[in-house]
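The residues making up each chain are set out below.
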Amino acid sequence: MLPIDVAAYRSPWRRLHPAVKGTFCGGLLACALLLPAWPGAVLTAAVALVAALGPAGVPPGALARAAWVPLGFIATGSVTLLVSVGGSDTLVAWDPDGWRRAVEIGARASAALLCQLLFAFSTPLAELLPRLTRIGLPSALVEIVALIYRMLFVALDTSRRVATVQAGRLGYASPRAWVRSAGALGATLFIRSYDRARRLQHGLECRGYTGELRVLVEEIPLRPAAVLAAGAAPLAVAATTISYGVLL
Amino acid sequence: MHIAEGFLPPAHAAAWTVAAAPFVIHGVGSLTRAVRANPEAKLLLGASGAFCFVLSALKIPSVTGSCSHPTGVGLGAVLFRPPVMAALGTITLLFQALLLAHGGLTTLGANVFSMAVVGPWVAYTVYRLVRLATASLPETTSLGLAVFCGTALASIGTYSVTSLQLALAFPDAQSGVLGAFAKFGAVFSLTQIPLAIIEGLITVVIVRLLITASRADLLRLGVLRRTPDPEPTDEKAV
Amino acid sequence: MTSPDTAGGGQAAIGAAVLSGHSLRFGYEAARSVPVFASLDVEVRRGEVLAVLGPNGGGKTTLLRVLSGSLTPQAGTVRLAGDDVRWNRRGVDRLRRSVQLVFQDPDDQLFSASVHQDVSFGPLNQGLDPGTVRERVAWALEALEIAALTEQPTHLLSYGQRKRVALAGALAMRPSVLVLDEPTAGLDPAGVESLLRTLEGLRAAGTTLLVSTHDVDLAHRWADRALLLDREVLGVGPVREVLADPSLLAAARLRPAWGPAVGRALREAGLRAAEAPDPSTPEEVAGITGG
Amino acid sequence: MTSPDTAGGGQAAIGAAVLSGHSLRFGYEAARSVPVFASLDVEVRRGEVLAVLGPNGGGKTTLLRVLSGSLTPQAGTVRLAGDDVRWNRRGVDRLRRSVQLVFQDPDDQLFSASVHQDVSFGPLNQGLDPGTVRERVAWALEALEIAALTEQPTHLLSYGQRKRVALAGALAMRPSVLVLDEPTAGLDPAGVESLLRTLEGLRAAGTTLLVSTHDVDLAHRWADRALLLDREVLGVGPVREVLADPSLLAAARLRPAWGPAVGRALREAGLRAAEAPDPSTPEEVAGITGG
Ligand SMILES: Nc1ncnc2c1ncn2[C@@H]1O[C@H](COP(=O)(O)OP(=O)(O)OP(=O)(O)O)[C@@H](O)[C@H]1O
Ligand SMILES: Nc1ncnc2c1ncn2[C@@H]1O[C@H](COP(=O)(O)OP(=O)(O)OP(=O)(O)O)[C@@H](O)[C@H]1O
Ligand SMILES: [Mg+2]
Ligand SMILES: [Mg+2]
């Protein structure tokens, strides 16, 4: 079980049509990327954060844990902008302008990250994936994507249990044991995944499977008014940012 | 290393998406052809995709403790071939972005280019070359060497591309793209070179176990050429 | 709880063979020369609960798969409602419309991320229109008391819940014979009771049940007839006879059931009439002396 | 077969707590705010068989994993032989050397190519020299009566054999406490008997056993003490007391065991002395009246 996935099914926004959430989060994302970072990125981040912790009901702890790794990347990547290399006198030197770039890129990326997390934390993939045929993707591909989504949880479960057993037998107590265990885990996972596929084949054949994984997708009505409302927030952010720039 | 959402300027993000698109479209094409030719392939591809996702979430040891790392790229390319890997890798990266917040949606194209296109192609090319060069050696040894070199170089190739993508987006004030590439490369190489070697070793352990336990699958996937010499898989050989 | 009277009531309605196998031979690819069974005869009668018992590797799962069209026998015939099954696409399709197999491991049959979508798969394959499919899904989920899970994602369900969803997927196809491979394995006692109530309801509505199990007490209490299988049929007949025969049980590597042992003890002690059936549950034993 | 006398004999040797948990709190990452248990106390005594029973999702597996160092509790302490376990690398290693957990599904526990390799995995990680490792492996396979399988590839074994190999892998590490999650699930009755004999041998040699199960009759017959768990401890004590208490059983959603019900009936009928223990197996019931 993955924390983002679990939270998505519990989100009060779960019932909203993906297109509505897409408009809201996508619009904010565009604001973060395209508007001047000050105050655009800060405003975007604030709106996304308020929406996430407020109406979208994202648990703050889970949000923080999910943001940790990408924030680490953003920090490492931004820090390298502080120095410049290959100058005339020294090999590595402080870039006098670097901190401004670093802050700007860090702010933009953090705001964008929040928009992505807001979408991920409120949109269950089980409801998003079957709709991908609507945007013109081949149905065979969509079926495979949905199948991967289902099967990855089974595989994840297997890998966790195997890793637990290995750890219990001190399989991660030294680097050498670690390589041995990780290798054995990968191999077991491969064997079990293929075994799973064959068993699922048999199981589905009993249910009339002949090559197509057709299912009944329940419609969520898409109301144009909701899409318009969702688009209003990004527009407001954009208007504020631009007028701030013009007024100064 | 996944480039986070929003880290690349929009023009760069778009350009990398365009660059990755032909490979992904070609990959999806071979995926759908495989399904049409053999209806059982759908479930096997589902299992392969799930396998790639979980493999890429394996924690492996590094100097700084353990870290999550895309272990699957090289092995996936050897097992499933680069075109299929381009499609499966894209799906994996999409799920990583939406389920784990590793990598972003606008940066998906850039990440696909490094991890689902360049990585697999490097892995596969090196793997084939080493296989050819070591054709006279025993099958298990040849396979082990090829898998090790392919995986380790794919890992390094992936990180080089990521560094280049960042360098192009953020050229150094003094020395331009080259200097920035050196900068990003240096920061990442600290952890990435040991990781590449460990990843290579782990993949060798995986393949050696599969030779005993899942030979039929390896033969079907074309990884094994002939019946390998009976040799006990001795874990201490690693 | 299923009282023995209900079971007895069901027994009265049992009719002719609805599904049967004759001289069946099956061996897996890897070991064709040593088939799991070489010449097996088996008969499932309309409206009954037939329990298949036997040791690990005795061939229970294999037999259930052959009878439900998921494996093709290498010799012998399967007969559905009197007609021989042809092992071509149409024949197997016809068999699968009437006979639905539910595997032991629910993850072998659940492929969709949402419960509702998954259960709709079978009826859609039967070519039904969306309205009927929706009705069928709702009915099956209702019958298994999991209507509340309709909108849940499959991977967040517990094992017992997934097991019920897999059963609902089979049930939605309205089979006349439901074949269950170890339906109670891994369920807690309360879950077993609740599943039995559900299955008893289906049986009352006319569904025939073919069930494999390792639980001798369950078979004794619930099934009408038992088939002891260890690569050949060791014995078949009414549960109260088959499971009371120590030599048969020993041959099938089963331990005796509590019911017959306690029944004999109570009758010998004069606490129970000679013609009274053996008790099925510990509660019944308490009832006898308490009353 | 384990006679009740053997079980009684073991009971006499039971000593102080060898492994215990105090005010344990654990919740899975995905649902931290609703922990599986919030403040749990449990004590495993040297040389005993402690059975953990409870409904699906009651937290049996979670508790066993916390006690064996595979999950870190969010609050509370685990004590091994009187010392608090530190949840750093060394502390957990030490716990794992003494307490070995065996999961229900053998497929999740066999990850090497051959039986010998798999069983040697733990001892090798303990840093033992090859000679000792070989001895340990031979001994463990011998103890589980599967010495003949040493060179077999694991994926060609039957379910029962795989289950034994998984147990051997834990046993080869010579733990003082063996923790088994539903060890008899999926085994046929003969396989259960044979496994119980093996475990009884280990217990006689001084190993403490902590076992989760859904089988009330098994717990009644084999365990010394029972712990009823449904996200909190509902009851704990000698099996013959705990499993004879109808209100406790109902709270844990368990059905009553046959043994106490039959014992009561027989005592009331004057067929058994008032102080005689409840019967453990159907065979015993037959013996009472037959003799
Ligand atoms: N897919 C398979 N390939 C090869 N052999 C198999 C396969 N499945 C089962 N067998 C073998 O066929 C025999 C019968 O197995 P089956 O699963 O039918 O037994 P079972 O009575 O269901 O056992 P259990 O009680 O363990 O479920 C066993 O010897 C088993 O090893
Ligand atoms: N990996 C996991 N992630 C999140 N929640 C989990 C996980 N494993 C178990 N749970 C939840 O924790 C609770 C306790 O589960 P646990 O497996 O310990 O119960 P159990 O008593 O062993 O049940 P069973 O009899 O079905 O084996 C359940 O509500 C379950 O859904
Ligand atoms: Mg079976
Ligand atoms: Mg459990």
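About the criteria used
Residues numbered from 1 in each chain as written. Chains lettered and ligands numbered in written order. Predicted model: local features only at pLDDT ≥ 70, side-chain atom pairs only at ≥ 80, totals over all residues. Heavy atoms only, no water. Helix = DSSP H or I, 4+ residues; strand = E, 2+ residues; numbered from the N terminus. Buried < 20%, exposed > 50% of the residue type's maximum accessible area, 1.4 Å probe, protein only. Contact = heavy atoms within 4.5 Å. Areas by Shrake-Rupley, 256 points an atom, 1.4 Å probe, with all protein chains shown as cover. Near = heavy atom within 4 Å. Polar contact = N/O pair within 3.5 Å; in protein donor to acceptor, adjacent residues only side chain to side chain. Pairing = 2+ DSSP bridges. Buried area = accessible area lost by both parts, 1.4 Å probe. Salt bridge = Lys/Arg side-chain N within 4 Å of Asp/Glu carboxyl O. Nonpolar A, V, L, I, M, F, W, Y, C, P; charged D, E, K, R; others polar. UniProt positions renumbered as here; feature names shortened; annotations may be inferred. Axes fitted to C-alpha atoms, helices over the stretch in contact; angles between N-to-C directions. Expected span 1.5 Å × (residues − 1).

Colleague: If you had to explain the overall build of chain B to someone new, which residues and values would you point to?
Modeller: Across its full length, chain B carries eight helices and two strands. If you list the helices and strands of chain B from N to C, you get α-α-β-β-α-α-α-α-α-α. Counting over 238 residues, chain B shows a buried share of 61%. Within chain B, contacts between residues separated by at least 24 positions form 69% of all contacts whose residues are at least 6 apart in sequence. Element-wise, carbon and sulfur atoms account for 72% of the exposed surface of chain B, whose accessible area totals about 8,300 Å².

Colleague: I'd like to hear about the site of ligand 2, residue by residue, with values.
Modeller: With respect to spatial proximity, 14 residues lie near ligand 2, and among them Asn 56, Lys 60, Thr 61, Thr 62 and Arg 231 of chain D are the closest. Ligand 2 sits at the junction of chains A and D, each of which supplies nearby residues. In this structure, Thr 62 of chain D approaches ligand 2 through a side-chain N or O atom, which is 2.4 Å from an oxygen atom. One nitrogen or oxygen atom from the side chain of Arg 231 of chain D is found 2.7 Å from an oxygen atom belonging to ligand 2.

Colleague: I'd like a rundown of the pairing of strand 4 (residues 75–80) of chain D, residues and numbers included.
Modeller: Residue and element names in this part refer to chain D. The pairing of strand 1 (residues 17–26) with strand 4 spans five bridges and is antiparallel. Note that in strand 4 the partner of Gly 21 across the bridge is Val 78. By the bridge criterion, two bridges tie strand 4 to strand 5 (residues 83–84) in an arrangement that is antiparallel. Bridging from a neighbouring strand, Leu 80 pairs with Asp 83 of strand 5. Here strand 4 folds back onto strand 5 in antiparallel fashion, the turn holding two residues, of which Ala 81 has a positive phi close to 50 degrees.

Colleague: Lay out the interface of chain B and chain A with the relevant residues and their values.
Modeller: Counting residues at the interface gives 74 residues for chain B, matched by 71 residues for chain A. For the pairing of chain B and chain A, the buried interface totals around 6,100 Å² over both sides, and the portion due to carbon and sulfur atoms is 79%. It is Lys 42, Leu 43 and Leu 99 of chain B in chain B that bury the most area against chain A; as a group they hold 12% of the surface buried on that side. Here chain B is connected to chain A by two salt bridges. For the pair chain B and chain A, the interface holds eleven residue pairs in polar contact (both at pLDDT 80 or more). Residue assignment for the side of chain B that touches chain A shows that the elements contributing at least two residues are helix 1 (10–37), helix 2 (41–56), strand 1 (59–62), helix 3 (72–80), helix 4 (82–100), helix 7 (176–213) and helix 8 (215–220) of chain B. Split into classes, the residues belonging to the side of chain B that touches chain A amount to 49 nonpolar, 15 polar and ten charged.

Colleague: So what about the pattern of salt bridges? Which residues, and what values?
Modeller: Opposite charge on two side chains makes pairing possible when the charged atoms of those side chains draw close. Summed over all chains, the structure comprises 46 salt bridges over all chains. Of the charged contacts in the structure, one is a salt bridge between Arg 169 of chain A and Asp 118 of chain D, with a shortest N-O distance of 3.6 Å. Taken together, the residues Arg 169 of chain A in the loop between helix 7 (139–168) and helix 8 (175–205) and Asp 118 of chain D in helix 4 (residues 115–125) connect one chain to another. Judged by its relative accessible area of 0%, Asp 118 of chain D falls in the buried class. Here Asp 217 of chain B and Arg 198 of chain A are joined by a salt bridge, their closest N and O atoms 2.6 Å apart. Here Asp 217 of chain B, found in helix 8, pairs with Arg 198 of chain A, found in helix 8, and the two come from separate chains.

Colleague: Could you give an account of the UniProt feature "transmembrane region" (unreviewed entry) in chain A, with specific residues and numbers?
Modeller: Residue and element names in this part refer to chain A. In the numbering adopted here, UniProt assigns the feature "transmembrane region" (unreviewed entry) to residues 68–93, 105–123, 135–156 and 225–247. In the segment residues 135–156, helix accounts for 82% and strand for 0%; the C-alpha atoms at its two ends are 29 Å apart. Across residues 225–247, the secondary structure splits into 100% helix and 0% strand, with the terminal C-alpha atoms separated by 32 Å.

Colleague: Now, about the site of ligand 1: what can you tell me, with residues and values included?
Modeller: Residue and element names in this part refer to chain C. The environment of ligand 1 is formed by 13 residues, the closest being Asn 56, Lys 60, Thr 61, Thr 62 and Arg 231. For ligand 1, an oxygen atom lies 2.9 Å from a polar atom in the side chain of His 214. Contact with the protein chains hides 64% of the accessible area of ligand 1, taken as 630 Å² for the molecule alone. By residue class, the composition of the shell around ligand 1 is three nonpolar, seven polar and three charged.

Colleague: So, the side chain of Gln 166 of chain A: which residues are in play, and what are the values?
Modeller: Take Gln 166 of chain A: it is sitting in helix 7. At 3.1 Å, the side chain of Gln 166 of chain A and the backbone oxygen of Ser 181 of chain A are in polar contact. Each residue touching Gln 166 of chain A, except ones within four places of it in the same chain, is listed here: Gly 171, Tyr 172, Ser 181, Ala 184 and Leu 185 of chain A together with Phe 111 and Phe 121 of chain D.

Colleague: Lay out the sheet that holds strand 5 (residues 83–84) of chain C with the relevant residues and their values.
Modeller: Residue and element names in this part refer to chain C. As summarised here, the arrangement of the four strands in space is 2-1-4-5, forming an open sheet in which the pairing is antiparallel. Single-partner strands in this sheet number two, and they are strand 2 (37–45) and strand 5. Packed onto the sheet, helix 2 (residues 60–67) meets strand 1 (17–26), strand 2 and strand 4 (75–80) and runs at close to 120 degrees relative to strand 1.

Colleague: Run through helix 6 (residues 159–171) of chain D, naming residues and quoting values.
Modeller: Residue and element names in this part refer to chain D. Between its first and last C-alpha, helix 6 extends 18 Å over 13 residues, near the 18 Å set by a 1.5 Å rise per residue. Burial within helix 6 is extensive, with eleven of its 13 residues counted as buried. Buried residues of helix 6: Gly 160, Arg 162, Lys 163, Arg 164, Val 165, Ala 166, Leu 167, Ala 168, Gly 169, Ala 170 and Leu 171, and no others. Residues of helix 6 that are buried make contact with strand 6 (99–102), helix 4, helix 5 (130–143), strand 7 (177–181) and helix 7 (189–204).

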